[in-house]
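Topology and contacts: notes
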Amino acid sequence: MKVILGPASRELGKRIAEDLNAEIIPVFFKTFPDGESYLRFDVESLQNEDVVIVQTTSPPQDQRLIQLLLMADNAMDMKARNMIAVVPYFAYSRQDKRFLSGEVFSIKTIVKLLEYCGINRIITVNAHNPKVLKAFKIPIEDLSAIPLLAEYFKVKSLVENPVSLSLGKKALSVVKEADSILKGGFDYICTKRDVITGSVRLEDKELPVKNRDVIIFDDIISSGGTMAKAVKYVKEQSARKVYAACVHPLLIGDAKKRILKNGAEEIIGTDSIPSSISKVSIAPLLSEALTK
Ligand code: R5P
């Protein structure tokens, strides 16, 4: 197995290759003055090789998706036998259906393109709607980094007997996973999303957080608006220490500041997207899946 280090996930790719004891295919990368990407694999041929391309597709997602497609097609031209795309943050996966008539079905289009460029299998992490991913022709595996995040809180002793909270009832399974490690109990914060504006409001719900340490888990922190509201809401219900945890720290604009200003002790994320809060590496999770 050879690991191609996509420009968006060089560090993570290196860690995975180390774990697998696999050869790294370095990728020379530059951006042309007009913004187009140029990539070159430092290898003559990939004939009969099983190849893993590691590339997260966080912003600038269109550019990173194009880079991923270019790398896949290039590996196919170089006669790779089997190609797995490791895409920890899967751009466009939130548009997982037509919410309104006439809308694009983004994730379907992206998967089609990856398949067309020779990808046989996709591995992603905490996809927004794993059920949708099952509907495609090529296998898409969705791994969960929640146990790794929960383990981090446990090992670092950041919290005492914490309550794990999800954002929305649908995400309860996420905090059940966390609670199997943290064991302080779990619940959900009631959220309602406006399908037109996309904004989220919190609905009243009494939470078991009084004088308790709390960790709020979410798959993504993007603008930070949802998490900031949630932290404030939990603080108003007299929680003691409140931590924000996410798998994919997109952290657009002043997301981090907004959450901390509303009372979070710290925000912990993974290296699915490299960031200042990426304290937990998902490399072991991905390596394990790749060995299967
Ligand atoms: C939504 O369904 C996700 O789970 C996140 O809650 C959402 O993407 C967070 O977005 P933002 O940080 O912009 O509020």
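Calculation rules
For every chain, the first residue of the written sequence is number 1, and numbering continues from 1 onward in sequence order. Given that the model is predicted, a residue must reach a pLDDT of at least 70 before its local features are reported, and side-chain atom pairs must reach 80 or more before they are shown or counted; all residues, however, enter totals for whole chains, interfaces and linings. Side-chain figures throughout are based on the complete set of non-hydrogen atoms in the structure, without hydrogens or water. Numbering of helices and strands starts at the N terminus; helices are DSSP runs of H or I of at least 4 residues and strands are runs of E of at least 2. Atoms counted for the radius of gyration: C-alpha only. Globule rule: 2.2 Å times residue count to the power 0.38. Every accessible area reported is derived by Shrake-Rupley at a probe size of 1.4 Å, with residue values counting cover from the shown protein chains alone. When charges are counted, neither His nor the chain ends are considered; positive counts come from Lys and Arg and negative counts from Asp and Glu. Every charge is mapped onto a representative atom, which is NZ of Lys, CZ of Arg, CG of Asp or CD of Glu. Domain extents, as shown, originate in an automatic or database domain assignment. Contacts are assigned to residue pairs with any non-hydrogen atoms lying within 4.5 Å of each other. Buried area counts how much accessible surface, traced with a 1.4 Å probe, disappears from two parts once they are put together, with both parts' losses summed. Here, a salt bridge means any side-chain nitrogen of Lys or Arg that lies within 4 Å of a carboxyl oxygen of Asp or Glu. Identification of polar contacts relies on pairs of N or O atoms within 3.5 Å, with a donor-acceptor requirement for protein atoms, meaning one able to donate a hydrogen and the other able to accept it, and with residues adjacent in sequence counted only if both atoms are side-chain atoms. Three residue categories are used. Nonpolar comprises Ala, Val, Leu, Ile, Met, Phe, Trp, Tyr, Cys and Pro, charged comprises Asp, Glu, Lys and Arg, and polar comprises the others, including Gly. Whether a residue is buried, partly exposed or exposed follows from its accessible area with a 1.4 Å probe, protein chains only, as a fraction of its type maximum: under 20%, in between, or over 50%, in that order. By definition, two strands form a pair when at least two bridges between them are found by DSSP. This arc is built from the directions going out from the helix axis to the C-beta atoms. In these notes, a set of buried Ala, Val, Leu, Ile, Met, Phe, Trp, Tyr and Cys residues joined through side-chain atoms within 4.5 Å is what counts as a nonpolar core.

Let us now look at the overall build of the chain. Scanning the chain for helices and strands turns up nine helices and 16 strands. Here the C-alpha radius of gyration of the chain, 20 Å, is about what a compact globule of 292 residues would show, namely 19 Å. Principal axes of the C-alpha set define a box for the chain whose edges measure 60 × 45 × 40 Å. Of the roughly 14100 Å² of accessible surface on the chain, 50% is carried by carbon and sulfur atoms. Averaging the locations of the 41 positively and 36 negatively charged side chains of the chain gives two centres separated by 4 Å.

This part is about the domain arrangement of the chain. Entries for the chain in the domain assignment read domain 1 (2-144 + 282-291) and domain 2 (146-271). When each unit is reduced to the centre of its C-alpha atoms, the spacing between domain 1 and domain 2 is 28 Å. Contacts between the two partners involve 14 residues from domain 1 and, on the opposite side, 14 residues from domain 2. Summing both partners gives a buried area of about 1300 Å² for domain 1 against domain 2, and 63% of it is carried by carbon and sulfur. A per-residue breakdown of the area domain 1 buries against domain 2 is headed by Asn126, Ser144 and Ile282, which together make up 37% of the total. Our count for the contact surface shared by domain 1 and domain 2 stands at one salt bridge. A salt bridge links Asp271 to Arg15, with the nearest nitrogen and oxygen atoms 2.9 Å apart. Seen at the junction of domain 1 and domain 2, the total is seven residue pairs in polar contact (both at pLDDT 80 or more). Of the residues assigned to the side of domain 1 that touches domain 2, the class counts are eight nonpolar, four polar and two charged.

Further remarks concern the pairing of strand E5 (residues 50-54). With respect to burial, E5 is a largely interior element, four of its five residues being buried. The pairing of strand E1 (residues 2-5) with E5 spans four bridges and is parallel. Paired with Lys2 across the strands is Val51, a residue of E5. When E5 meets strand E6 (residues 82-87), the two strands line up parallel, connected through five bridges. Opposite Val51, over in E6, you have Met83 as the bridge partner.

Before going further, it helps to examine helix H5 (residues 146-155). In an α-helix, one full turn covers 3.6 residues, which means residues spaced three or four apart are oriented alike. Listed in full, the buried residues belonging to H5 are Ile146, Leu149, Ala150, Tyr152 and Phe153. Looking straight down H5, one finds that the buried residues subtend no more than 150 degrees of arc, so they occupy a single side. In this fold, the buried residues of H5 make contact with helix H6 (172-182), strand E13 (214-221), strand E14 (242-249), strand E15 (267-270) and strand E16 (278-280). Trailing H5 by a residue or two, Ser157 shows a phi angle of about 50 degrees, which is positive.

This part is about the nonpolar core. Ile16, Ile123, Phe153, Ile215, Phe217, Leu286 and Leu290 are the most contacted members of the largest nonpolar core, which totals 43 residues. Summarising the domain contributions, this core has at least three residues from each of domain 1 (2-144 + 282-291) and domain 2 (146-271). Setting aside residues no more than four positions away along its own chain, Leu290 makes contact with Met1, Ile16, Leu20, Val52, Ile84, Val86 and Ile123. In terms of nonpolar packing, the next biggest core, distinct from the first, is built from 39 residues, Leu39, Phe41, Ala85 and Leu114 among them.

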